[in-house]
Amino acid sequence: MKLKSILTAFLLVFFASVSFAQSEEEEAQLFGSTRGFKSQMVNIGKLETVPVCREVFIENKSAVAIEFSSFELPAGVSAMPKSKQVAAGEKGSVLLTVYPEIAGNVSKKTIIVRTTKVGDSDSKPIEYKLQLICE
C-alpha cells in the first residue's frame, strides 16, 4: 500500500513537471527567456511638467507572428503599439507616454505588455515587463 502511494505521488509530480516544462519551452521561444517573461529597463529621463514619450522595442524570437493584446499600466502612463502585429524574428515597438502631473514618481513601476500568437485567440498571453526608471 505504501509503495502504491509513493508511486502515485511520483507519477503526479512527474506529469506536472513535464506539463510545466512544455509550456515553459513554448513561452521561452517567444521572447527567449524562461517562462516567457523578459524584463527591460526604460529610462524615462527627468520628469518635469510636460509629458515624456519613449519608444520601446520588443523582439519576437518565436517562429510565429505575435500581436500586442493588452497593457497593464500604472496611473499617468499610456501605451500605444506602433504596429499591431510583429512577424517572427522582427521587432515591434510600443510608444509609452508618461504624464508627470498624473503619474507622480513612476520610477520602479512596471508596465506589463501582453502578446498572443496571431490567429490563435485561445493561446495563453505572454507577458513582457517594462521597468520604468527616472533620473
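Scroll up a little and you will see the structure.
Residues numbered from 1 in each chain as written. Predicted model: local features only at pLDDT ≥ 70, side-chain atom pairs only at ≥ 80, totals over all residues. Heavy atoms only, no water.

Looking only at helices and strands, the protein chain features 2 helices and 8 strands. Starting at the N terminus, the α and β elements of the protein chain follow one another as α-β-β-β-β-β-β-α-β-β. Burial analysis of the protein chain (135 residues in total) assigns 30% to the buried set. Across the protein chain, contacts joining residues at least 24 apart in sequence account for 63% of those joining residues at least 6 apart. Just so you have it, the protein chain exposes about 8,300 Å², and 58% of that area is on carbon and sulfur atoms. (Helix = DSSP H or I, 4+ residues; strand = E, 2+ residues; numbered from the N terminus. Buried < 20%, exposed > 50% of the residue type's maximum accessible area, 1.4 Å probe, protein only. Contact = heavy atoms within 4.5 Å. Areas by Shrake-Rupley, 256 points an atom, 1.4 Å probe, with all protein chains shown as cover.)

Residues Val42, Leu96, Ile111, Val113, Leu130 and Leu132 are the most contacted members of the largest nonpolar core, which totals 19 residues. Only β1 (39-45), β2 (52-59), β3 (66-72), β6 (91-98), β7 (110-117) and β8 (126-134) provide two or more residues apiece to this core. Setting aside chain neighbours within four positions, we find Leu132 in contact with Val42, Ile44, Val77, Leu96, Val106, Ser107, Lys108, Lys109 and Ile111. (Core = buried A, V, L, I, M, F, W, Y, C linked by side-chain atoms within 4.5 Å.)

Our next topic: the sheet that holds β7. Read across the open sheet, the 5 strands follow the order β1-β8-β7-β3-β5; overall the sheet is mixed. The open sheet has two free edges, formed respectively by β1 and β5 (85-86), since each of these has just one partner strand. Bridge count for β7 against β8 is 6 bridges, and the pairing is antiparallel. Bridge assignment links Ile112 to a residue of β8, and that residue is Lys129. (Pairing = 2+ DSSP bridges.)

Another aspect to go through is the pattern of salt bridges. Taken as a whole and assessed by the stated rule, the structure comprises 3 salt bridges. One salt bridge in this structure joins Arg114 and Glu72, with 2.7 Å as the shortest N-O distance. Taken together, the positions of Arg114 in strand β7 and Glu72 in strand β3 put the pair 42 residues apart, joining distant regions of the chain. Exposure remark for Glu72: the relative accessible area of 43% places this residue in the partly exposed category. A salt bridge links Glu127 to Arg114; its shortest N-O distance comes to 3.0 Å. (Salt bridge = Lys/Arg side-chain N within 4 Å of Asp/Glu carboxyl O.)

Below, the discussion takes up the environment of Cys134. Following the sequence through the fold, Cys134 ends up in strand β8. On a C-alpha basis, the gap between Cys134 and Ile44 in space is 5.2 Å, while along the polypeptide they are 90 residues apart.

Attention now moves to the packing of aromatic side chains. For any pair of aromatic rings, geometry is given as the distance between the ring centres together with the angle between the planes. Applying the stated criterion across every chain yields a total of 1 aromatic pair. On the numbers, 6.4 Å between centres and 25 degrees between planes, the contact of Phe68 with Phe71 is stacked. (Phe/Tyr/Trp six-rings, centres within 6.5 Å; stacked < 30°, edge-to-face > 60°.)

Its location among the elements puts Thr116 in strand β7. Among all residues touching Thr116, those that are not within four sequence positions of it are Ala65, Ile66, Glu67, Ser69, Ser123 and Pro125.

A word on the side chain of Arg114. At 2.7 Å, the side chain of Arg114 and the side chain of Glu72 are in polar contact. Ignoring sequence-local partners within four residues, the contact set of Arg114 consists of Glu67, Phe68, Ser69, Ser70, Phe71, Glu72, Pro125, Ile126 and Glu127. (Polar contact = N/O pair within 3.5 Å; in protein donor to acceptor, adjacent residues only side chain to side chain.)

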